[in-house]
Amino acid sequence: MLKKRIIFTLLLKDDQFVLSRNFRLQKVGDANWLEKNYNFKYISRFIDELIILNVSKKKDINFFCNIVKKVINKCFVPISFGGGVRSQKDAELLFKAGADKIVINSLVDIDKNTINQIAGTYGSQSIILSLDFKKEKDDYTIWTEDGNKKNKKNISNYLSNILRIKFGELYLNSIDRDGTGFGYDLDILKKIPQNFNYPIIMAGGAGNSRHFLEALKNKKVDAVATANLYNFIGDGLKKSREEVLTGANKFPEWDEDAIKKMERFFA
């Protein structure tokens, strides 16, 4: 069983890192800005993994790799790259650039066989399937192509369908909550089939350590991810991790035994 994890996600559009709110992007700064504000040699102590996603309209894998190589130079945690993977060659470029895992989204609808071929070469544990979703009435809809294309399948059918693909983890990202700081949409976990035995990463909506704790206490959640650059700047990630580990004291309404178990997960 994987330990509970905190994941930091970076979004790269062309040569600029961006903030996202409901998938609307705002430029923040380039690699130099990121290096100045996020010392990855330092924050690596307080995150378990780093994910960098290419959210450019034109997905130039080579250009993306050249930029992220500068970012990960001093980062000593497992790293995942994603965005625009369409072929085995794309995957190869990302792994050669330093990825331990790759994140795949739209290719699920386009070519499942290619995903299985990539898994055959690099192992299923090296693939994170990303699912972007919106809540509509009492159900959820799936969106691909950077949130621009609605899938015809409902969430239950979609999740059942991907069980035929070789992958290691599922990244669940709420478009509605994205960048809002309102917390994760944990209701979607009720739609997970009983036979779904893959680690789940919750994304979209984290604004503070309380949101991390709320998600991590759920038995179905293995990791939480945040892409909120401003909320977690400076010592933000350090403080959040400390608050998660001392959650029983900070949030006394939660069960102390559950928090102690969580501390052992993080240890």
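Preceding block: the structure.
Let me sum up the structure you'll find in this document.

## A closer look at the overall build of the protein chain
So, step 1. Along the protein chain, the regular secondary structure elements total eleven helices and twelve strands.
So, step 2. Computed over the C-alpha atoms, the radius of gyration of the protein chain is 17 Å, within 12% of the 18 Å expected from 2.2 N^0.38 for a compact globule of 267 residues.
So, step 3. Dimensions of the protein chain, computed from C-alpha atoms along their principal axes, come out at roughly 50 × 45 × 35 Å.
So, step 4. Taken across its 267 residues, the protein chain has 54% of its residues classed as buried.
So, step 5. In the protein chain, of all internal contacts separated by at least 6 residues, the share reaching a separation of at least 24 is 68%.
So, step 6. Within the protein chain, the 33 negative side-chain charges are centred at a point lying 2 Å from the centre of the 44 positive side-chain charges.

## Observations regarding the layout of surface pockets
So, step 1. Roughly 930 Å³ of internal volume is contained in the largest pocket.
So, step 2. Around the largest pocket sit 46 residues that line it, and Leu11, Ser20, Phe23, Val55 and Asp146 are the ones nearest its centre.
So, step 3. Looking at the lining of the largest pocket, the elements that each hand over two or more residues are β1 (5-13), β2 (16-21), β3 (24-29), β4 (49-54), β6 (101-104), β7 (127-136), β10 (169-174) and β12 (223-226).

## Some words on the environment of phenylalanine 95
So, step 1. One can find phenylalanine 95 in helix α4 (residues 88-96).
So, step 2. With a relative accessible area of 14%, phenylalanine 95 lands in the buried category.
So, step 3. Residues phenylalanine 95 and asparagine 37, 58 residues apart in the sequence, show an inter-C-alpha distance of 26 Å.
So, step 4. What phenylalanine 95 contacts, discounting residues up to four positions off in sequence, is Asp100, Lys101, Ile102, Ile118, Tyr122 and Ser126.

## Digging into helix α3 (residues 61-71)
So, step 1. Residues of α3 that are buried include every one of Ile61, Phe64, Cys65, Ile67, Val68 and Val71, and no others.
So, step 2. Regarding α3, its N-cap is aspartate 60, as a side-chain oxygen of that residue lies 3.2 Å from the backbone nitrogen of asparagine 62 further along.

## Digging into unusual backbone geometry
So, step 1. In the Ramachandran plot, aspartate 14 falls in the positive-phi region, its phi being about 60° despite a non-glycine side chain.
So, step 2. In this fold, aspartate 14 is placed in the loop between β1 and β2.
So, step 3. Positive phi is not limited to glycine here, since lysine 137 has a value of about 60°.
So, step 4. Its place among the elements puts lysine 137 in the loop between β7 and β8 (139-144).
So, step 5. For lysine 137, a relative accessible area of 80% translates into the label exposed.

## Here's the deal with the pairing of β10
So, step 1. Counting buried positions over the six residues of β10 gives six, a clear majority of the element.
So, step 2. Alignment of β7 against β10, held across six bridges, turns out to be parallel. Bridging from a neighbouring strand, leucine 131 pairs with leucine 172 of β10.
So, step 3. Sheet topology places β10 next to strand β11 (residues 200-203); four bridges connect them, and they run parallel. Bridging from a neighbouring strand, tyrosine 171 pairs with isoleucine 201 of β11.

## Side note on the packing of helix α8 (residues 209-216) against helix α9 (residues 236-245)
So, step 1. In contact at an axis separation of 9 Å, α8 and α9 are set at 45° when each is read in the N-to-C sense. Compared by their axis directions, α8 and α9 come out oblique. The two elements α8 and α9 meet at a crossing, and its hand is right-handed. Along its contact with α8, which presents Ser209, Phe212, Leu213 and Leu216, the element α9 presents Ser240, Glu243 and Val244.

Parameters at a glance
Residue numbering note: each chain is counted from 1, following its sequence as written. Whole-chain, interface and lining totals are the exception, using all residues; otherwise, since this is a predicted model, local features are given only for residues with pLDDT of at least 70 and side-chain atom pairs are given and counted only at 80 or more. Computation of side-chain values: all heavy atoms of the structure, hydrogens and water removed. Numbered from the N terminus, helices here are DSSP runs of H or I no shorter than four residues, and strands are runs of E no shorter than two. Radius of gyration: C-alpha atoms only; globule rule: 2.2 Å multiplied by the number of residues to the exponent 0.38. Burial classes: relative accessible area under 20% of the type maximum marks a residue as buried, over 50% as exposed, and values in between as partly exposed (1.4 Å probe, protein chains only). Here, residues are in contact when the closest pair of their heavy atoms is within 4.5 Å. As used throughout, the charge tally considers Lys and Arg to be positive and Asp and Glu to be negative, leaving His and the chain termini uncounted. Charged groups are reduced to one reference atom each: NZ for lysine, CZ for arginine, CG for aspartic acid, CD for glutamic acid. Only protein atoms enter the 1 Å grid used here, on which a cavity is any set of points holding a 1.4 Å probe that cannot leave and a pocket is any open set flanked by protein within 12 Å on both sides along at least five of seven lines; residues with an atom within 4 Å of a point are listed as lining. Grid points are joined across faces, edges and corners, and a volume is the space filled by probe spheres set on the points. Any pair of nitrogen or oxygen atoms within 3.5 Å is treated as a polar contact; in protein, a donor-acceptor pairing is required on top of that, and neighbouring residues in sequence qualify only through side-chain atoms on both sides. Strands qualify as paired when DSSP identifies two bridges or more between them. Fitted lines through C-alpha atoms serve as axes, helices being fitted only where they are in contact, and the angles separating the N-to-C directions of these axes extend from 0 to 180 degrees. Working rule for angles: under 35 degrees goes down as roughly parallel, over 145 as roughly antiparallel, 65 to 115 as roughly perpendicular, anything else as oblique. Less than a right angle of anticlockwise turn of the near helix away from the far helix marks a crossing as left-handed, whereas a clockwise turn marks it as right-handed.

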